[in-house]
Amino acid sequence: MIDPFGRAITYLRVSVTDRCDLRCVYCMSEDMTFLPKADVLSLEELERLCAAFIRLGTNKIRITGGEPLVRRDVQLLFGRLGQRLGQGLDELTLTTNGTQLVKHAEALRAAGVRRVNVSLDTLDPARFAAITRWGKIEKVLDGIAAAKAAGLHVKINAVALKGVNEDEIDAMLAWCGAQGHDLCLIETMPMGDIGGDRTDQYLPLSLVRARLRQRWTLQGTDYQTGGPARYYDVAETGTRVGFITPMTHNFCESCNRVRLTCTGTLYMCLGQDDAADLRRVLRDGATDPELDAAIRLAITRKPKGHDFVIDRRNPAPAVARHMSLTGG
Ligand code: SAM
Ligand code: SF4
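Each chain has its residues counted from 1, following the order in which its sequence is written. Throughout, the order in which chains and ligands are written sets their labels, letters from A for the former and numbers from 1 for the latter. Local features in this predicted model are restricted to residues whose pLDDT is 70 or higher, and side-chain atom pairs enter the listing and the counts only when it is 80 or higher, whereas totals over whole chains, interfaces and linings include all residues. To obtain the side-chain values, all non-hydrogen atoms of the structure were used and water was disregarded.

### Focus on the overall build of the protein chain
Secondary structure follows DSSP: runs of H or I at least 4 residues long count as helices, runs of E at least 2 residues long count as strands, and numbering of each begins at the N terminus. Regarding its fold elements, the protein chain presents ten helices and twelve strands. Note that the radius of gyration is over C-alpha atoms, with the globule rule given as 2.2 Å times the number of residues to the power 0.38. Relative to its length of 328 residues, the protein chain is compact, with a C-alpha radius of gyration of 19 Å against a globular reference of 20 Å. Structurally, the protein chain occupies a C-alpha span of about 55 × 50 × 40 Å along its principal axes. A fraction of 73% describes how many contacts in the protein chain between residues 6 or more apart in sequence connect residues 24 or more apart. Whether two residues are in contact is decided by their heavy atoms: any pair within 4.5 Å suffices.

Have a look at this one:
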């Protein structure tokens, strides 16, 4: 599928639940209301949509959320999608907060998952509890160890937060280096009401990179994982550090992704409100060709890019929905 700006759409991110066992301060408010079950697609419906995307040229699927591993029976979906690896699908992966990885790592590997992104913004237990509002870091560290032991390649995702973890990014790069994990840093994006002002948390990664360069030798590389990060080799550790900079650099030109929510809403852009209701198409009894046509039509509406801006005079989110709905 080629969008109106000539970009091939080959990467689907699927949020399988909006629920989560944590409440990261930049992502959710403490008293989030979650979707009623009836609105959420069944695993069979999710699989049918994924199959349609694979038919239409999608070769990479990332399962995300909310927290994907809190969805009951999610391994059934991994198992079914894993069977499509090598048959149109090249990569099946997930983004997780890691709290349930001890339980799931082996099954993920058996389903064909080879790489997993684990979100971890700090190595300090008290800070972790504050950022996630109640999380226990040991569970995540145990989960990461379990993933590694199961033979999964782990990448650590950290949101760079001003005044929260900016003094620790250096130490996190050292820790990731010692553990053999790549580190990917992300700027906060103004998505969804979080019950506070997010402009206080915004830290431009251009600044973080300049600071890291004072201690580490960062060599630009062409390494790509099919996502939006720009990677550097860290000479001292032999691992990589990536930067996802939606705010300071327009990451839209090479966008190859669309996002499906757990309600079957297809967002063609993380930062725009336009969406296609694929649940309605499914539940109206569409045939496969009709479903494919609805997806193709949605892709013709993919916009050129997002309009995120950090505006201190207007701290309202740029898009009303939360990242946990669209999937990070
Ligand atoms: N629960 C899983 C996790 O935390 O990895 C998957 C979903 S989470 C929404 C995916 C990623 O989005 C996480 O790395 C999280 O840190 C990031 N994220 C959430 N809200 C964000 C925001 N407003 N700006 C930037 N990144 C955000
Ligand atoms: Fe949950 Fe992930 Fe959002 Fe944190 S970032 S609240 S772990 S969905």
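Picking up where we left off.
### Quick word on unusual backbone geometry
Despite not being glycine, Asp73 shows a phi value in the positive range, around 65°. Following the sequence through the fold, Asp73 ends up in the loop between strand E2 (60–64) and helix H2 (74–82). Located in the positive-phi region is Arg133, a residue other than glycine, with phi close to 75°. Structurally, the position occupied by Arg133 is in the loop between helix H4 (125–132) and helix H5 (137–149). Taking relative accessible area as the criterion, Arg133 reaches 25% and is therefore assigned partly exposed. Burial classes follow relative accessibility: with a 1.4 Å probe on protein chains only, a residue under 20% of its type's maximum area counts as buried, one over 50% as exposed, and anything between as partly exposed.

### Regarding the pairing of strand E4 (residues 115–119)
In terms of burial, E4 is a largely internal element, four of the five residues being buried. Whether two strands pair comes down to DSSP finding at least two bridges between them. Sheet topology places strand E3 (residues 91–96) next to E4; three bridges connect them, and they run parallel. Residue Thr96 lies in a different strand from E4, and its bridge partner there is Val118. With the strands pointing away from the viewer, any crossover whose connection runs clockwise from the first strand over the helix to the second is right-handed. Regarding topology, helix H3 (residues 101–111) serves as the crossover connection from E3 to the parallel E4, and that connection is right-handed. Judged from the five bridges that link them, E4 and strand E5 (residues 153–159) form a sheet pairing that is parallel.

### Overview of the site of ligand 2
Close contacts around ligand 2 come from Cys20, Leu22, Arg23, Cys24, Cys27, Gly66 and Asn97, and that covers them all. In the scheme used here, Gly and all other residues not listed as nonpolar or charged are polar, with Ala, Val, Leu, Ile, Met, Phe, Trp, Tyr, Cys and Pro taken as nonpolar and Asp, Glu, Lys and Arg as charged. Grouping the constituent residues of the shell around ligand 2 by class yields four nonpolar, two polar and one charged. Near, as used in this document, describes a residue that has one of its heavy atoms within 4 Å of the molecule or strand being considered.

### As for the site of ligand 1
Taken together, 18 residues lie around ligand 1, and Tyr26, Gly66, Glu67, Ser119 and Met189 are the ones closest in. In protein, a polar contact requires one atom able to donate a hydrogen and another able to accept it; more generally it is a pair of N or O atoms within 3.5 Å, and residues adjacent in sequence count only if both atoms are side-chain atoms. One of the backbone nitrogen or oxygen atoms of Gly66 is found 2.9 Å away from a nitrogen atom of ligand 1. Ser119 places a polar side-chain atom, nitrogen or oxygen, 2.5 Å from an oxygen atom of ligand 1. When isolated, ligand 1 has an accessible area of 550 Å², and the protein chains bury 95% of it. When residues of the shell around ligand 1 are traced back to their parent elements, those giving at least two are E3 and E5. Only the protein chains shown count as covering a residue, and every accessible area follows the Shrake-Rupley method with a 1.4 Å probe.

### Here we look at the pattern of salt bridges
The working definition used for a salt bridge is a side-chain nitrogen of Lys or Arg within 4 Å of a carboxyl oxygen of Asp or Glu. Evaluation of the coordinates by the stated rule reveals 18 salt bridges. For the salt bridge of Arg55 with Asp292, the shortest nitrogen-to-oxygen distance reads 2.7 Å. With a gap of 237 residues between them, Arg55 in helix H1 (residues 43–55) and Asp292 in helix H9 (residues 288–299) connect regions that are remote in the sequence. Overall, the relative accessible area of 42% leaves Arg55 in the partly exposed class. Residue Asp274 is joined to Arg301 by a salt bridge in which the shortest nitrogen-to-oxygen separation is 2.9 Å. A residue pair is termed long-range when its members are at least 10 positions apart, and Asp274 in the loop between strand E11 (265–267) and strand E12 (275–277) and Arg301 in the loop between H9 and helix H10 (323–326) qualify at 27 residues. Looking at Asp274, the relative accessible area reads 36%, which means it is partly exposed. By relative accessible area, which is 35% here, Arg301 ends up partly exposed. Salt bridges sharing common partners tie together Arg48, Arg55, Asp288 and Asp292.

### What about H9?
Expected helix span is given by 1.5 Å per residue-to-residue step, counting one fewer step than there are residues. With twelve residues, H9 should cover 16 Å at 1.5 Å per step; its first-to-last C-alpha distance of 17 Å lies within 8% of that length. Where H9 is buried, its residues contact H1, strand E10 (257–260), E11, E12 and helix H8 (278–283).

### Some remarks on the nonpolar core
Definition of nonpolar core: a set of buried residues of the types Ala, Val, Leu, Ile, Met, Phe, Trp, Tyr and Cys, connected through side-chain atoms within 4.5 Å. The biggest cluster of nonpolar side chains holds 93 residues, and the ones touching the most others in it are Ile63, Phe78, Leu185 and Leu266. Of all the elements, H1 adds the most residues to this core, at seven residues. If we skip the residues at most four places from it in the chain, Phe78 touches Ile63, Leu69, Leu92, Thr93, Leu94, Leu108, Ala111 and Val113.

### With respect to the environment of Ala293
Mapped onto the elements, Ala293 comes out in helix H9. Distance in space between the C-alpha atoms of Ala293 and Leu56 is 9.9 Å, their sequence separation being 237 residues.

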